[in-house]
Each structure stands twice: as C-alpha cells, then as structure tokens.
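# Coordinate analysis (summary)
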Amino acid sequence: MPATHATGEALELTDRDLLPLRPWRRAQEDPQHPSFSHVVDGDWQTITAGEHLESLVATVRGLVASGVAAGDRVVLMADTRYEWLLLDEAIWNAGAGTVPVYPSSSRSQLEWIVRDSGARVLLVETPAMAQLATGLDVEVLVIDDGALATLAERGRTVPEEEVHARRDAVTLDGLAGIVYTSGTTGRPKGVRLPHSAWTYEAAAVDSVHILGPDDKAFLWLPLAHVFGKVLLTLPLQVGFTTAIDGRVDKIVENLPIVKPVWMGAAPRIFEKVYGRISMMMRDEGGVKAKLFDWHSGNASKVSDANAAGQKIGAATALQHKVGDAIIAKKIRERFGGNIRFFISGSAALNRDVAKWFDGMGIPILEGYGLTETSAAATVNRPYALRVGTVGWPNVQTEIKVAEDGEILVRGEHVMEGYHNNPEATAEVLTEDGWFHTGDIGEVDADGFVKITDRKKDLFKTSNGKYVAPSQIESTFKGLCPYVGQLLVHGENRQFVTALVTLDEEAIQPWAEANGLADASYTEIVSSMQAREMVQSYVDELNAGLNRHEQIKRFHILGRDLTVEDGELTPSLKLRRKVVADKFKGDIEEMYPS
C-alpha cells in the first residue's frame, strides 16, 4: 500500500536546533527556571536552569580532562536519577556518544557492550556495578562514590573555551550514542542513533503543541530504554519542569506530591492500577462498588463515542457528569489531580484498560516505536485519540504496510544501522531508508496505525490457523487483576495453551478473602481456589476469541517471571523462547502424548 504520513508543521532542522545547545539557551533566557526536581535525603529539591548549566559545564570539563575525545563512546549504567541526565548531556556536549546500559545487566552483557561499543569510560551508579567491570580495559567512575565531584576536580584546568568548542562542533549527523536492544532473543545489537534522530523526535512532539514550558512531567522510566530517553529529550526542547525518581515502588506515593501534567509508563503499570482500583471497589462492596461499576460502564460508552466522533445522548452525558464528580474526580486525585494525559509505549496496551482511563478523564496516548526508530514513530494525540491504535505517524514520518502485513517506517529518526554489524543492518534497512519493523499491522482510513503482533511471534496451529499471542495476552491482563504474566503457546499444536503467573502483591488480598490468609505464595497459586479463579477469567477471555484462539488448558507457575532470571527484558517484555524452554515440561504436560 502507499505510504501514509501525518500532516503538521514542516520540520527544517539545522545544527542550531541540536539538543545539546538547549541547556545553555535555557540558562541564558531564564536562569531561575525550575528545570528539574529530584529527591535528596527524602525531600524533593529543585534544580534551576542556571544551576543545571553550572553542573553541566563542570562535568564536561571533567570528561575532557579524563581523555574523552570527540567521537568517543561513554557507557552509562545507572537507575533513573538526575545524575543520569546530567552525565548524558555532558557526554553529548563533550562531543562523545552515550551508551546506556540497564542497571540489571549481567557481567557478560556489560562486557559485550563495553567491548563492542569501544567505550573509553564507564560511569556506574554503585560499587557493586563497578565490580562487574573488573578486568575490562576501561576507566570506571562510580556515581555513589563521588564521580561528579571527581570529574569537577579533574576539569578545573580545562578552559571553558574548550567546552564551548566541543559543544559547537556537535552536528546533526554526529553520533549521539549507541543503544543496545534489550533483546527478546540473542545477543543485543547496538543501534547507532545520530543527533538528528533525537533532535527530530523532540521537535516533532513540540510541533503538535500538546506541551508547554509551564507544564510538569514525572519521569521514572529506565533511561537505558529509548522510551525513557525520548521523554528526557522533551524538557530540553519544550522547557517544562521534570521531576525524576526511578524508584518504581514510589510512583504512587510521588504522584500526589509532584502533581504532574503528564507521565509516560509501560502498559503493565496501567493494567496494575486498573486492577487494584477495581479490586478495592469489589472488596468494599455495597453502594461504592455499584457506583464504581455504574460509572465505569458509562465511561466506556463515552470513550467509544469519542473514538467514533459521535455525540452521546443527553441521559448518558448527565450520568457521566454525575459519575465523574463522584467517582472519577477522586481517581484523578490519586494521580495528583493535574494529569491531562498519560503516554504508553514499549508493549501493547489493553483496549479495555485504555477505554476505562479515557472515560475517567485521564486519556492514555498509546504510541509505537522501536529502538531502531529512536522510540516514537507514531502516537495518539489528545485531539486525535483512537483507543486500540497507536495513533498517527509523527510529523514527516512515513508508514507503509508490506504485502505480508509488516509495518515499514521511514524518517529522520530511523537509525544509521547496527554498530559493527552490516549484515544485520542490511536485513532490516533498505537502501532508500525503509526500516522493516518486524511488526504486523494496518493503517485505517483515517491514518491511525494498529499493531497486531510481532511477526516472529505469530504462530500456526496444527489445523493451519494463525494465532496472535500478544493480543490474547494483553486482553487477559485487562480482565484478570491478579495475573502477573501470560504466555500463550500452540505452535504446530492441535490447540492453544497458556502458562500463567500470579502477581505476588495483588494475589494476597484475594487469598485472605478466599480462606488462604495464612498460606504461602506457593500454596496460594497451587490451590484449587486459585485454579478456579483463573479458570473463570480464562472462560471470560475465551468468550471473545475465535474457536482456534481459545485457551483449552493452562498451568499456573509457582512463581512470577522476572528480569533477573532472564524471563523478561528490562522493559518488561516477555522473552518467549526463554520462558518456553525453561518451562517446557509444564507445557508438554498440557498436551496429550
């Protein structure tokens, strides 16, 4: 089919638009502007534009004094915190490229990335991370052991003119960094992203005017992932304040304090929030539960009408207004009271969960992209939201669907190629710039893109019927508030089965209400009560599936899947082959010999 692209302001980027220049301009225009805030000794502290630039210059000087030259690579391994973004900007201003690494990475993963990238310096958060680098030919600096102070002291003799010269030598076609894919299979590939890619991403979002300099964002996503990294480019471009705290267990606690206007998150976060609020209402019962169900039903109708561009009836509108005042307002206050929208990425968002949030007055703008496209290639807008899709292409981004249904992307944000891997580059990137995403999807008549599944994840049963597992898994997570993960299986089998894990935190209140208050997690998940509960949700799931897609049998695993055990990527995607191989015996038991 012909390529489709979104209309909007034309982006004519030059070297003056480079993101490394933004902190300097911001500090000159308004040195007292609150650029960032972060937690120090338990309290939120603000960092002004002037203070940020002062720290940035000192850090750039230190990198230069440490021997970092223009074109070098610097590995950055840390959780999401202010020091991460400061070091990232300093690396850029020194003319080098950032190579982010997940804090959960193993010794072998870190070794591969350091050696493949050719990094000269390794910046890590903790001494424990530094131990992973023992024996590697790279200088290691530890943030928690005073790396910033060390760099500032080293750089005292470096003239500021050298910093200016390094900054001014950065160009759009220069290397901003190498981002290694978290990889659901095989060894991570290094994605080479030039400054033009990140500059384009920030400018494209800015061009649709959904954010302004007086807004406030809350950032907790891992910055080694392109989704987190692209959200970090937006305050540089737009100028709003960003509150940063990478502690996932503090998200709910932080929102009423930070009171952000928007926040990005992976679908699992929204699924858990929806599940917990639903469980809480069910547990309370009585009038509150009835009101919640009543308004949730009306909210879904309103969301459907908005998506279809239809007006809702007067009675429904009145009911929705009353329910909003009684129910939805209190839910919005849990998120700080100022949220205009959330942004979801990195995996498929359950449609029913998205509709519920939309109806509650907190729309989730689902987007789509990959490491190879510098994160966002498409995204829904507040004024153009269609639940169940990943939105319109970004300005000047082209999307087309190949004959086999694969989504192809072309634009300024597409990677240069894979580092030291021309063969892999040639497999996915055509000479005329089209990137083969590996995702199956479609574009509707209004230009909204919809993703069906990963091309490699689609499987065919022994009856010759294709099954898209990700869609089934996402739907189930929206139905069952207790599920941790679901792996749908059925390649060349006569029917579809599933491995199920239960969320350790969510299952406890259920256990107490079902006669298992003193039971261990293992006892809970192996109980007949748990099996009957899961079966009820599987039955509900199957009612909406085609016969060949329905889950005929399932097995509840004795523990949840984890990043540490290699079963999930750091961005919480299922590593299907790893899980299927590890629990092969459990899968085989579900099929007759």
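Below: a short report on this structure. (Residues numbered from 1 in each chain as written. Predicted model: local features only at pLDDT ≥ 70, side-chain atom pairs only at ≥ 80, totals over all residues. Heavy atoms only, no water.)

## Observations concerning the packing of aromatic side chains
Enumeration over the complete set of coordinates arrives at 15 aromatic pairs. Taking the centre distance of 5.8 Å and the plane angle of 55 degrees together, the rings of Phe36 and Tyr82 count as tilted. With a gap of 46 residues between them, Phe36 in strand S2 (residues 34–40) and Tyr82 in helix H3 (residues 82–93) connect regions that are remote in the sequence. With 5.8 Å between their ring centres and 90 degrees between their planes, Phe240 and Trp262 make a pair best called edge-to-face. Of this pair, Phe240 sits in the loop between helix H9 (226–238) and strand S11 (241–244) while Trp262 sits in strand S12 (residues 262–265), and the two are 22 residues apart along the sequence. Each member of the aromatic cluster is reached from another via a ring pair, and the members are Phe270, Tyr274, Phe292, Phe335, Phe342, Trp356 and Phe357. A cation sits over an aromatic face here: Arg167 above Trp24, 4.4 Å from the ring centre. (Phe/Tyr/Trp six-rings, centres within 6.5 Å; stacked < 30°, edge-to-face > 60°. Helix = DSSP H or I, 4+ residues; strand = E, 2+ residues; numbered from the N terminus. Lys NZ or Arg CZ within 6 Å of the ring centre and 35° of its normal.)

## Looking at the sheet that holds strand S25 (residues 496–502)
Ordered by their spatial adjacency, 3 strands build an open sheet running S24-S25-S26, and the pairing between neighbours is mixed. Each edge of the sheet is formed by a strand with only one pairing partner; in this case those strands are strand S24 (483–489) and strand S26 (551–556). Going from strand to strand, the sheet's axes swing by 25 degrees on average, the running direction of each strand aside. The sheet contact formed by S25 and S26 spans 5 bridges and is parallel. Within S26, the position partnered with Leu499 by the bridge is His555. (Pairing = 2+ DSSP bridges. Axes fitted to C-alpha atoms, helices over the stretch in contact; angles between N-to-C directions.)

## Some thoughts on the side chain of Glu406
Along the chain, Glu406 falls in strand S18 (residues 406–410). With a relative accessible area of 7%, Glu406 lands in the buried category. Of the polar contacts made by the side chain of Glu406, one reaches the backbone nitrogen of Gly438; its length is 2.7 Å. (Buried < 20%, exposed > 50% of the residue type's maximum accessible area, 1.4 Å probe, protein only. Polar contact = N/O pair within 3.5 Å; in protein donor to acceptor, adjacent residues only side chain to side chain.)

## Digging into the pattern of salt bridges
Evaluated as defined, the whole model comprises 35 salt bridges. Close ionic contact of Arg247 with Asp245 constitutes a salt bridge, the shortest N to O distance being 2.7 Å. Owing to a relative accessible area of 7%, Asp245 belongs among the buried residues under this scheme. Between Lys582 and Glu567 there is a salt bridge, with the nearest N and O atoms lying 3.0 Å from each other. Here the residue Lys582 occupies a position in helix H20 (residues 576–582), and Glu567 occupies one in the loop between S26 and H20, the gap between them amounting to 15 residues. Lys582 sits in the partly exposed class, given a relative accessible area of 42%. For Glu567, a relative accessible area of 0% corresponds to the buried category. (Salt bridge = Lys/Arg side-chain N within 4 Å of Asp/Glu carboxyl O.)

So, to be careful, I would describe these as geometric facts and stop short of saying anything about function.
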